[in-house]
Amino acid sequence: KFRHIMVPYDGSDHAKNALQYAKDLVETCPEARISVVHAVPSSYVGTDRMGTEGALDGVPYGMLDYEEYQGVVQHVLDEAKKRVSENLGDTLADLGDRADVVAVAGASPADALARFAEEHDCDLIVMGRRGLGAIRGMLGSVSFGVLRATDIPVLTVK
Ligand code: ATP
Ligand code: MG
Ligand code: MG
């Protein structure tokens, strides 16, 4: 049955419900593990939106060489991962070594999530039908984008 389930996570109640669903699912699949993946839009890197103000010490992008830039990206991803892990608390503790938290960066969160799933041979994606966005549509843009970007089966949870 399922071996590797990706749960894209943005901290929303929908995403929490998706993780709970995936957690119930892995209890029926002894071999399955979960990757909880948060995608940081590249446009956030170097801003304080992820609470990383100071990472750059006010140095504008153009003043950084490639290695320094990579260091900034890594710092933002480390912070995001820490935050997701804290946010998940008990759920993550319950899952123990069956779940990992990962942060990825990309121009498009949906494309970054789909790429992660393909590169890591995920056989199912369980995600919220909607997320943190205020507009109450039928399907959020990240869910839609993931569905468009991959042929891996996607299960959406309200
Ligand atoms: P929109 O973002 O289009 O305004 P929304 O926020 O309601 O609408 P989505 O962002 O598509 O809807 O969220 C749907 C699901 O996608 C979430 O429940 C979560 O599983 C996942 N998701 C959204 N944003 C991210 C992200 N940055 N990283 C990882 N997963 C995400
Ligand atoms: Mg959005
Ligand atoms: Mg959203």
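Residues numbered from 1 in each chain as written. Chains lettered and ligands numbered in written order. Predicted model: local features only at pLDDT ≥ 70, side-chain atom pairs only at ≥ 80, totals over all residues. Heavy atoms only, no water.

1. Describing the pairing of strand β4 (residues 124-128)
- Within β4, five of the five residues are buried, which leaves it mostly tucked inside the rest of the structure.
- Pairing analysis gives four bridges linking β4 to strand β5 (residues 154-157), with the strands arranged parallel. Looking at the pairing, Val 126 lines up with Leu 155 of β5.
- Once you follow β4 into helix α4 (residues 141-149) and on to β5, the crossover reads as right-handed. (Buried < 20%, exposed > 50% of the residue type's maximum accessible area, 1.4 Å probe, protein only. Helix = DSSP H or I, 4+ residues; strand = E, 2+ residues; numbered from the N terminus. Pairing = 2+ DSSP bridges. Right-handed = clockwise from strand over helix to strand, strands pointing away.)

2. Remarks on α4
- Looking at α4, one finds that the buried residues are Ser 143, Gly 145 and Val 146. Axial view of α4: buried residues confined to an arc of 165 degrees, hence all on one face. Of the exposed residues in α4, the ones pointing more than 90 degrees away from its buried face are Ser 141 and Arg 148.
- In this structure, the buried side of α4 is in contact with α3 (109-119), β4 and β5. (Arc of directions from axis to C-beta. Contact = heavy atoms within 4.5 Å.)

3. Comments concerning the environment of Val 146
- As for its position among the elements, Val 146 is in helix α4.
- Among the residues examined, Val 146 registers a relative accessible area of 0% and is labelled buried.
- Sequence separation of Val 146 and Pro 8 is 138 residues, and the distance between their C-alpha atoms is 9.7 Å.
- Setting aside anything within four residues of it in sequence, one finds Val 146 in contact with Ala 110, Leu 113, Ile 125, Met 127 and Val 154.

4. Describing the site of ligand 1
- The environment of ligand 1 is made up of 21 residues, and the closest members are Pro 8, Arg 130, Gly 133, Ser 141 and Val 142.
- Here Gly 140 contributes a backbone N or O atom positioned 3.5 Å from an oxygen atom of ligand 1.
- Burial of ligand 1 by the protein amounts to 85% of the accessible area it has alone, namely 620 Å².
- For the shell around ligand 1, the secondary structure elements donating two or more residues are α1 (13-27), β2 (33-41), β4 and α4. (Near = heavy atom within 4 Å. Polar contact = N/O pair within 3.5 Å; in protein donor to acceptor, adjacent residues only side chain to side chain. Areas by Shrake-Rupley, 256 points an atom, 1.4 Å probe, with all protein chains shown as cover.)

5. Quick notes on the side chain of Ser 143
- Looking at the secondary structure, you find Ser 143 in helix α4.
- On the basis of relative accessibility, which here comes to 5%, the residue Ser 143 falls in the buried class.
- Within polar-contact distance, the side chain of Ser 143 engages the backbone oxygen of Gly 128 at 2.7 Å.
- Those residues in contact with Ser 143 that lie beyond four places of it in its chain are Met 127, Gly 128 and Arg 129.

6. Here's the deal with the side chain of His 14
- Looking at the element boundaries, His 14 is found in helix α1.
- Within polar-contact distance, the side chain of His 14 engages the backbone oxygen of Lys 158 at 2.9 Å.
- If we skip the residues at most four places from it in the chain, His 14 touches Gly 128, Arg 129, Arg 130, Gly 131, Arg 136, Val 157 and Lys 158.

Spatial relationships are all this shows, so hold off on functional conclusions.
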